[in-house]
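# Coordinate inspection notes
Listed here are the chains, written in short residue letters.
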Amino acid sequence: LVLFLVPLVVAGDLQQTDVSHLYVAKSFNRALQDCLEYLQLPGERFEQYSALHFPDDADTKCLVRCIGLNMRWWNDTTGVQKAVMGNFFQPDPSDTEYQYRTAKCIEKRLGSLSGSRRSAPDDCCCRAYETFQCYLQYYGNLVQCPKALPQTRDMLVRSAHDCINILRVPDELLRCYSAGELRDAPETRCFLRCFFLRSGGYDAVRGFNLYRLYSRDSEHLDQRYLAQETMEQLQTIRSTNRDQCTEVYRSYKEVLGPLGIAFYEDSIIQEAANRALSDGSRCKECGQYEIYSKAEQHLLSLPEMLQKEEPVKKTGEEVEPEDPSHFPVIPDSCGCGHQDVATP
């Protein structure tokens, strides 16, 4: 009988973290459990693997590859994503050669893999497994707490698209964005703040998370993200701008934009703006004056109703309650809830 359930004793370690905004954080044990389920491996192996015992067998090797893909530190084409993998390990502060020893280990182990089937799935499993073993042996201690995962381009576009809708960025600005122009305007500044918040690159209390931005560009690593000069420049901008929208906009334009893939966010925002302009998701402004729907244009206007002479009531005559269905209805142009009744 193949079991897929993890023992209850470790269930507490696998509870999903309630992560703010749109970015994803995942622990090693969560990724391990995911892959046990994906590959339909026996659940009782969880304890063995979570204790960092990874036997040299085909199932285990492909499990390690799955974990790497799940946590985005492995790519079958380019191999280990060093900035992402390093985020899940804690080196010994006194060890100054952990990176060198890890690199030499990977070079030796991958060099020993024979055969010409470099793109075969089992070979990808072997390469991921050998690489991971080198990190376990030489890089440092595996960190068990959840860590933020680098976002794919699609996820970044989703974050930008969400912020466009949340903040109701005007179409005029969206047309500028779609043409590749991130025009400076109050709406643009607050939109950028929303985007970096939602994608996990900025925190309203602590400011920019430079390591997340650095590891996000894992295939184009730019050490300038982590440079002291960059931190000082951002701190100067933060200390001189009480308005966070302006802080984020200036930080991006003056400091962060040229790093990594230069002004990468511009292309993300351009794609999101094109999507927002074409997908019909834009919420229209509620009209202040067009309070009646076309189907009810035959009804009297509000001033006319106020000026209309009230009928004289006879003594002792009961007054029937007015039918509320005759009242004009304010159309819910945003589609955000029930319709309100306009009281004459």
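Residues numbered from 1 in each chain as written. Predicted model: local features only at pLDDT ≥ 70, side-chain atom pairs only at ≥ 80, totals over all residues. Heavy atoms only, no water.

The name given to the protein chain in an unreviewed UniProt entry is Putative odorant-binding protein agamobp45 obp, with the source organism recorded as Anopheles marajoara. Entered under Sequence similarities (unreviewed entry) in the UniProt record, the comment concerning the protein chain runs "Belongs to the PBP/GOBP family." Listed under Subcellular location (unreviewed entry) in UniProt, the entry text for the protein chain is "Secreted". (UniProt positions renumbered as here; feature names shortened; annotations may be inferred.)

So, about the overall build of the protein chain. Looking only at helices and strands, one finds 14 helices and eight strands in the protein chain. Long-range pairs, those at least 24 residues apart, make up 67% of the contacts in the protein chain with a sequence separation of at least 6. Total accessible area computed for the protein chain in this model is approximately 20,500 Å², and 50% of it derives from carbon and sulfur atoms. (Helix = DSSP H or I, 4+ residues; strand = E, 2+ residues; numbered from the N terminus. Contact = heavy atoms within 4.5 Å. Areas by Shrake-Rupley, 256 points an atom, 1.4 Å probe, with all protein chains shown as cover.)

Moving on, we get to the pattern of salt bridges. Considering all chains together, one arrives at 18 salt bridges under this definition. Across the salt bridge formed by Asp76 and Arg65, the nearest N and O atoms sit 2.6 Å from each other. Of this pair, Asp76 sits in the loop between strand 2 (74–75) and strand 3 (79–80) while Arg65 sits in helix 3 (residues 58–71), and the two are eleven residues apart along the sequence. Here Asp76 falls in the partly exposed class, since its relative accessible area comes to 24%. For Arg65, a relative accessible area of 21% translates into the label partly exposed. A salt bridge links Arg224 to Asp222; the shortest N-O distance between them is 2.7 Å. Judged by relative accessible area, Asp222 falls into the buried class, the value being 11%. (Salt bridge = Lys/Arg side-chain N within 4 Å of Asp/Glu carboxyl O. Buried < 20%, exposed > 50% of the residue type's maximum accessible area, 1.4 Å probe, protein only.)

On inspection of all chains with the given rule, the structure shows five disulfides. A sulfur-sulfur separation of 2.1 Å characterises the disulfide bridge that pairs Cys62 with Cys125. The disulfide joining Cys62 to Cys125 has a torsion of about 100° about its S-S bond and is therefore right-handed. Of this pair, Cys62 sits in helix 3 while Cys125 is found in helix 6 (residues 121–139), placing the two residues 63 residues apart along the sequence. For Cys62, a relative accessible area of 27% puts it in the partly exposed group. (Disulfide = S-S within 2.5 Å.)

Let us look at the nonpolar core. Counting residues in hydrophobic clusters, the biggest one holds 38 residues, and the most contacted among them are Tyr177, Phe191, Leu192, Phe196, Phe208 and Leu256. Contributions of two or more residues to this core are made by helix 7 (153–167), helix 8 (171–178), helix 9 (186–198), helix 10 (210–216), helix 11 (228–239), helix 12 (244–256) and helix 13 (264–278). When neighbours within four sequence positions are excluded, Tyr177 is seen to be in contact with Val169, Leu182, Arg183, Glu187, Thr188, Phe191, Ile269, Gln270 and Ala273. With 32 residues, the next largest nonpolar core counts Phe28, Ile67, Phe89 and Ala128 among its residues. (Core = buried A, V, L, I, M, F, W, Y, C linked by side-chain atoms within 4.5 Å.)

Applying the stated criterion across every chain, the model contains 17 aromatic pairs. Each ring, one from Trp73 and one from Phe132, has its centre 5.7 Å from the other, and the planes form 15°; the classification is stacked. Taken together, the positions of Trp73 in the loop between helix 3 and strand 2 and Phe132 in helix 6 put the pair 59 residues apart, joining distant regions of the chain. The class of Trp73 is buried, set by a relative accessible area of 2%. The exposure class assigned to Phe132 is buried, which follows from its relative accessible area of 2%. Plain terms: the ring middles of Phe196 and Tyr252 are 6.0 Å apart, the flat faces sit at 55° to each other, and that makes the pair tilted. Highlighted residues: Phe196 in helix 9 and Tyr252 in helix 12, separated in sequence by 56 residues. (Phe/Tyr/Trp six-rings, centres within 6.5 Å; stacked < 30°, edge-to-face > 60°.)

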